[in-house]
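# Secondary and tertiary structure notes
The lines below spell out each chain.
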Amino acid sequence: MAELKTKATKASVEVYFKKITNKQTQADCRTISDIMKKVTKSEPKMWGPAIVGFGNYIYKYPNGREMDWFYIGFSNRKNAITLYLMLKYENFPDLMNKLGKYKIGKSCLYIKSLEDIDLNVLNKLITESVRRLKEMN
């Protein structure tokens, strides 16, 4: 089986932030980082070249394979800031209805700007994601 390419690195999170040319997006990423740091009580680390992750745990696949992974993280992508929250969003209809403007993937939440969402709701989603993962591990 192929080895996972996304791993924690020693790259600088601050350098990653400084490379974000859009100042509002850079500020949004810093705010998201502050929220995730507070919830996880973990320092941010770069995972691969473009993901800022917080905390870590051993993810176990049903087939027994294991990998080191972060509790929560985010990445500035071309079209949106991608938040990696391990939640089934359909289980949180009240929060999702109050969140604001977003798109979702399997375990990703895509936002264009923090101006488009309710930060209190985002904080609750981040907190719930971390709580559930810690309960499982």
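The model shown is predicted, which means the values in this text are computed figures rather than measured ones.

### Looking at the overall build of the protein chain
Across its full length, the protein chain holds four helices and eight strands. When the helices and strands of the protein chain are read in sequence order from the N terminus, they spell out α-α-β-β-β-β-β-β-α-β-β-α. For the protein chain, the C-alpha radius of gyration of 15 Å lies close to 14 Å, the compact-globule estimate for 137 residues. Projected onto its principal axes, the C-alpha coordinates of the protein chain cover approximately 40 × 35 × 25 Å. Buried residues in the protein chain amount to 43% of all 137 residues. Once local pairs closer than 6 in sequence are excluded, the contacts in the protein chain between residues at least 24 apart make up 49%.

### Considering the layout of surface pockets
Reported here for the largest pocket is a volume of approximately 670 Å³. What lines the largest pocket is a set of 20 residues, among which Tyr59, Met86, Leu87, Ser107 and Leu133 lie closest to the centre. Those elements giving two or more residues to the lining of the largest pocket turn out to be strand S3 (57–60), strand S4 (66–69) and helix H4 (119–136). When its residues are assigned to classes, the lining of the largest pocket shows 13 nonpolar, three polar and four charged.

### Section: the pattern of salt bridges
Scanning the entire structure with this criterion turns up five salt bridges. A salt bridge links Lys37 to Glu43, with the nearest nitrogen and oxygen atoms 3.2 Å apart. In this structure, Glu128 and Arg132 form a salt bridge, with 2.6 Å as the shortest nitrogen-oxygen distance. Here the residue Glu128 and the residue Arg132 both occupy positions in helix H4, the gap between them amounting to four residues, near one helical turn.

### Side note on H4
One turn of an α-helix holds 3.6 residues; hence residues three or four places apart share an orientation. Taking 1.5 Å as the rise per residue, H4 with 18 residues should run 26 Å; its terminal C-alpha atoms sit 26 Å apart, in good agreement. Contacts made by the buried residues of H4 are with helix H2 (23–40), S3, strand S5 (72–76), strand S6 (81–84), helix H3 (93–99) and strand S8 (108–111). For H4, the N-terminal cap is Asp118; the gap from its side-chain oxygen to the backbone nitrogen of Asn120 is 2.8 Å.

### Overview of the nonpolar core
Formed by 33 residues in total, the largest nonpolar core has its most connected members in Met36, Phe74, Leu83, Leu85, Leu109 and Leu125. Contributing elements (two or more residues each) for this core: helix H1 (13–18), H2, strand S2 (51–54), S5, S6, H3, S8 and H4. For Met36, the residues in contact, after removing those within four places along its chain, are Lys41, Phe54, Ile72, Gly73, Phe74, Leu83, Leu85 and Ile126.

### As for the pairing of S8
Note that S6 and S8 share four bridges and pair antiparallel. Within S8, the position partnered with Leu83 by the bridge is Leu109. Two strands pair when backbone bridges link them, and strand S7 (residues 103–104) and S8 are joined in this way by two bridges, in the antiparallel orientation. Note that in S8 the partner of Ile104 across the bridge is Leu109. Hairpin geometry of S7 and S8 is characterised by an intervening segment of three residues between the two adjacent antiparallel strands.

### Here we look at the sheet that holds S5
Within the open sheet, the six strands sit side by side as S1-S2-S5-S6-S8-S7. Their pairing is antiparallel. Two strands close off the open sheet at either side, each with one partner strand: strand S1 (44–47) and S7. Here four bridges tie S5 to S6, and the two strands are oriented antiparallel to one another. Its bridge partner lying in S6, Ser75 is registered against Thr82.

### Points about the environment of Ile51
Tracing the chain through its elements places Ile51 in strand S2. Residue Ile51 is classed as buried on the basis of its relative accessible area, which comes to 9%. The spacing of Ile51 and Asp94 is 43 residues in sequence and 28 Å in space, taken between C-alpha atoms. In this structure, Ile51 is in contact with Thr6, Lys45, Met46, Phe70, Phe74, Ser75, Arg77 and Tyr84, ignoring residues within four places of it in sequence.

Rules used in this analysis
- Residues numbered from 1 in each chain as written.
- Predicted model: local features only at pLDDT ≥ 70, side-chain atom pairs only at ≥ 80, totals over all residues.
- Heavy atoms only, no water.
- Helix = DSSP H or I, 4+ residues; strand = E, 2+ residues; numbered from the N terminus.
- Rg over C-alpha atoms; globule rule 2.2 N^0.38 Å.
- Buried < 20%, exposed > 50% of the residue type's maximum accessible area, 1.4 Å probe, protein only.
- Contact = heavy atoms within 4.5 Å.
- 1 Å grid on protein atoms, 1.4 Å probe; cavity = no way out; pocket = protein on both sides within 12 Å on 5 of 7 lines; lining within 4 Å.
- Points joined across faces, edges and corners; volume = space filled by probe spheres on them.
- Nonpolar A, V, L, I, M, F, W, Y, C, P; charged D, E, K, R; others polar.
- Salt bridge = Lys/Arg side-chain N within 4 Å of Asp/Glu carboxyl O.
- Expected span 1.5 Å × (residues − 1).
- Polar contact = N/O pair within 3.5 Å; in protein donor to acceptor, adjacent residues only side chain to side chain.
- Core = buried A, V, L, I, M, F, W, Y, C linked by side-chain atoms within 4.5 Å.
- Pairing = 2+ DSSP bridges.

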